[in-house]
Amino acid sequence: MRTNEDQANPLFRVSVGMQTGPAKTLLLRLPGIPLQRIVIGISARQLLGIQPADAFAPWPADPPRWMGVVEWSGRQVQVIDLAACLGLGASDYRMARRLAFLRCPRNPGVVAVPAMGEMIQLENTDDARPAALEKGLAGEFVRGVFHLGSELLLIPDLDAIWEQVLHPAVGGPRRV
């Protein structure tokens, strides 16, 4: 249950509030100059929290999609490079101002994603036009691709990332 403090979170441009109807879509930006025209869309129900992007412990063996581990709400949460998972190259996590904690819809997993600035709510989905999966994008981790004005809106499949990148034993054999 969200508290009044969560509802008035200054990191949101629009108050998320209690969800009674369809899930609202929130947009976040990944850190890095090459990623400026990319926006990531998630359901407001997936967002568990946001905190400043303080330093975090690097992940042992430093895989390219796993960035480290951070303490959040009494548990350790894996920090992932969502840009690398989606086939966009590495993000510049040092530019990140926030860590967004996202819930995987079908799995018990929570992941932390470095993000720029505040998250905004997509007010009008009529402006989003379906787009073809661009060459180089990791289709197994993308639920949808849309044109949103001059930007490319990507909807990540956090469950696939959880199952195939973070916990491959849970998800079975990797898809090729």
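Residues numbered from 1 in each chain as written. Predicted model: local features only at pLDDT ≥ 70, side-chain atom pairs only at ≥ 80, totals over all residues. Heavy atoms only, no water.

(A) Quick peek at the nonpolar core. Within the largest apolar cluster, 36 residues are counted, with the highest numbers of intra-cluster contacts made by I40 and L82. Ignoring sequence-local partners within four residues, the contact set of L82 consists of L30, I40, V113, P156, L158 and I161. Counting residues in each nonpolar core, the second largest holds ten residues, with F56, V70, L99 and A112 among its members. (Core = buried A, V, L, I, M, F, W, Y, C linked by side-chain atoms within 4.5 Å. Buried < 20%, exposed > 50% of the residue type's maximum accessible area, 1.4 Å probe, protein only. Contact = heavy atoms within 4.5 Å.)

(B) Spotlight on the layout of surface pockets. Approximately 150 Å³ is the volume attributed to the second largest pocket. What lines the second largest pocket is a set of 14 residues, among which G41, I42, S43, Q46 and I155 lie closest to the centre. Those elements that provide at least two residues to the lining of the second largest pocket are β2 (38-43), β11 (151-156) and α3 (158-166). No other element matches the three residues that β2 contributes to the lining of the second largest pocket. Residues that form the lining of the second largest pocket fall into these classes: six nonpolar, four polar and four charged. (1 Å grid on protein atoms, 1.4 Å probe; cavity = no way out; pocket = protein on both sides within 12 Å on 5 of 7 lines; lining within 4 Å. Points joined across faces, edges and corners; volume = space filled by probe spheres on them. Helix = DSSP H or I, 4+ residues; strand = E, 2+ residues; numbered from the N terminus. Nonpolar A, V, L, I, M, F, W, Y, C, P; charged D, E, K, R; others polar.)

(C) Focus on the confidence of the model for the protein. Per-residue pLDDT for the protein has a mean of 78; in total, 77% of the residues score no lower than 70. Of all helices and strands in the protein, the one with the weakest mean pLDDT is helix α1 (residues 4-7) (38), whereas strand β7 (residues 98-103) scores best (94). Across residues 1-20, where pLDDT falls below 50, the model places 31 contacts with residues more than four positions away in sequence or in other chains. Residue range residues 169-176 is modelled with pLDDT below 50. Its contacts to residues more than four positions away, or to other chains, number seven contacts. (pLDDT = per-residue confidence, 0-100.)

(D) Focus on the pairing of β11. A large share of β11 lies buried, amounting to five of its six residues. Bridging between β2 and β11 involves three bridges; their strand directions are parallel. Bridging from a neighbouring strand, I38 pairs with L152 of β11. With six bridges connecting them, strand β10 (residues 142-148) and β11 associate as antiparallel partners. Opposite H147, over in β11, you have L152 as the bridge partner. Between β10 and β11, which follow one another and run antiparallel, lie two residues, and G149 among them has a positive phi close to 65 degrees. (Pairing = 2+ DSSP bridges.)

(E) Expanded view of the environment of W162. Position of W162 among the secondary structure elements: in helix α3. For W162, a relative accessible area of 12% translates into the label buried. Note: C-alpha distance between W162 and I80 (82 residues apart in sequence) is 10.0 Å.

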